[in-house]
Amino acid sequence: MLEAVGWSEESVCSLRLRGGFSIAFSAPVDSLYAASAINEWVWACCDAKFGDGDAVDFDSQVAEIKAAITEEVNPPLLELQSAAIEHEVAFLWDDDEVSIGHGDHSHTWPFRELPDPAELDWSKYQDVPVGIVTGTNGKTTTVRIAKHLLRTAGRSVGLSCTDWVSVNEDIIDRDDWSGPGGARMVLRQPGIDTAILETARGGLLRRGLGVETANVALITNIAEDHLGDFGSQSVTELLDIKWVISHAVEEAGHLVLNADDPLLVEKSREFGGDLIWFSLSDSNQVVADHLNSGGVAFIYADGNLVR
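The paragraphs below set out a description of the structure included in this document. Only a predicted model underlies this, so the values are computations on that prediction, with no experimental measurement involved. (Residues numbered from 1 in each chain as written. Predicted model: local features only at pLDDT ≥ 70, side-chain atom pairs only at ≥ 80, totals over all residues. Heavy atoms only, no water.)

1. Quick notes on the overall build of the protein
Rules: A run of H or I in DSSP becomes a helix once it reaches four residues, and a run of E becomes a strand once it reaches two; helices and strands are each numbered from the N terminus. Our radius of gyration looks at C-alpha atoms and nothing else; its globule reference is 2.2 Å times the residue count to the power 0.38. The cut-offs for exposure are 20% and 50% of the maximum accessible area for each residue type, with area from a 1.4 Å probe on protein chains only; residues under the lower value are buried, those over the upper are exposed, and the others partly exposed. Here, residues are in contact when the closest pair of their heavy atoms is within 4.5 Å. Note on areas: Shrake-Rupley, 1.4 Å probe, and residue coverage restricted to the protein chains presented here.
Across its full length, the protein holds nine helices and 15 strands. Taken over C-alpha atoms, the radius of gyration comes to 21 Å for the protein, in line with the 19 Å a tight globule of 307 residues would show. Along the longest, intermediate and shortest principal axes, the C-alpha atoms of the protein span 70 × 50 × 35 Å. Residue burial in the protein is summarised as follows: out of 307 residues, 42% are buried. Excluding contacts between residues fewer than 6 apart, the proportion of contacts in the protein whose partners are at least 24 apart in sequence is 52%. Carbon and sulfur atoms form 50% of the exposed surface of the protein, whose accessible area is close to 16600 Å².

2. Some words on helix α5 (residues 180-187)
Among the eight residues that make up α5, six are buried, leaving the element largely enclosed by the rest of the structure. Of all the residues in α5, the buried ones are Pro180, Gly182, Ala183, Arg184, Val186 and Leu187. Its buried side turned inward, α5 meets β3 (91-93), β6 (130-134), β7 (157-160), β8 (164-167), β10 (194-198) and α6 (201-207).

3. Comments concerning the pattern of salt bridges
Note that side chains of opposite charge can pair when their charged atoms are close. Stated precisely, the cut-off is as follows: We count a salt bridge whenever a side-chain nitrogen from Lys or Arg sits within 4 Å of a carboxyl oxygen from Asp or Glu.
Within this structure, the stated rule accounts for 11 salt bridges. For Asp163, the salt bridge identified is with Arg144, shortest N-O distance 2.6 Å. Placement of Asp163 in the loop between β7 and β8 and of Arg144 in helix α4 (residues 139-152) is noted, with a sequence separation of 19 residues between them.

4. Some points on the side chain of Asp261
Under the convention used in this document: By the counting rule applied here, Lys and Arg register as positive and Asp and Glu as negative, while His and the ends of each chain are not counted.
Mapped onto the secondary structure, Asp261 falls in the loop between β12 (254-258) and α8 (262-267). No salt bridge forms around the buried Asp261; measuring N to O, its nearest opposite-charge neighbour Lys242 is 11 Å away. Beyond its immediate stretch of four places on either side in the chain, Asp261 contacts Asn221 and Ile222.

5. Considerations on the packing of aromatic side chains
The line we're drawing: In this scheme Phe, Tyr and Trp rings, the latter by its six-membered ring, pair at centre separations within 6.5 Å, and the angle between planes marks the pair as stacked below 30 degrees, edge-to-face above 60, and tilted otherwise.
The full count for this structure, using the stated rule, is three aromatic pairs. Centroid distance Trp243 to Phe271: 6.4 Å. Interplanar angle 90°. Geometry classified as edge-to-face. Taken together, the residues span a long stretch of sequence, with Trp243 in the loop between α7 (235-242) and β12 and Phe271 in the loop between α8 and β13 (274-279) at a distance of 28 residues. Of the residues examined, Trp243 reaches a relative accessible area of 6% and is grouped as buried. On the basis of relative accessible area, Phe271 is assigned to the buried category, the value being 8%.

6. Description of unusual backbone geometry
Residue Glu88 is not a glycine yet carries a positive backbone phi of 55°. By the element assignment, Glu88 lies in the loop between α3 (75-86) and β3. At Asp302, a residue that is not glycine, the phi angle is positive and equals roughly 55°. Structurally, the position occupied by Asp302 is in the loop between β14 (296-301) and β15 (304-306). When its relative accessible area of 76% is taken as the criterion, Asp302 is described as exposed.

7. Regarding the environment of Arg18
Mapped onto the elements, Arg18 comes out in the loop between β1 (12-17) and β2 (20-25). Separated by 59 residues in sequence, Arg18 and Leu77 place their C-alpha atoms 38 Å apart. Each residue touching Arg18, except ones within four places of it in the same chain, is listed here: Gln233, Ser234 and Glu237.

Laid out in structure tokens, this is it:
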């Protein structure tokens, strides 16, 4: 199908899971609905092959998807994305809006009313420090603690979590904003100089991370709570989902992990970037080895959080 619609350069990957397969493919950012139509076609083919679904006519599907691609095509979006990458500034997009930069150093345009990148003063657009938090338990508590510490240090903090999106003490919207939509809303808010983003598995699986890079990412723990939600049938599969946030900090940033969690300790061997550990024990061997090699860790000792 990718070959037939002109996307022969796109890549396809699959992952075998306890409950079946997860199949994914890349596509141009201006073709969200056409790509979703291909997903639905793949599902229909599987249902016809292995279930009781009706066979789908290939040629008619090709025609429909090509028409969807033509309707969606947005060259200015691709040009702005390319320019943002070239100028090393954040590029955020969704169905309605596109923005570059963060906070006061950002600008947002309607999806179909984008500027000519050559006419922009790129010195105006900058990013702010971004922290991402995920894990099975403790995400919301952690982002609130992080916000409190940053506020105490005099920072203006944008926060997205399962309860709301806020700027400092002002709540922008009350709802579960722990997905990429919440991340974009925070990063487009004027006045922020730091952003803390709670990131839950539902958003990761359905719409991705929300940001391509971050300054720090933290995984609280991996536990059996909520197994079965969104297709994850084991803690190993759940870990792979949560581990996605590590990609945002592997080249430049810090990954903060729980040294008391054996799954995270084992998985950390795959990470090639800068690791920071935390532990409730002042005698954790993972922490001790990390410190002996010149690393940084945070531990709980005598009622204090110690760096």
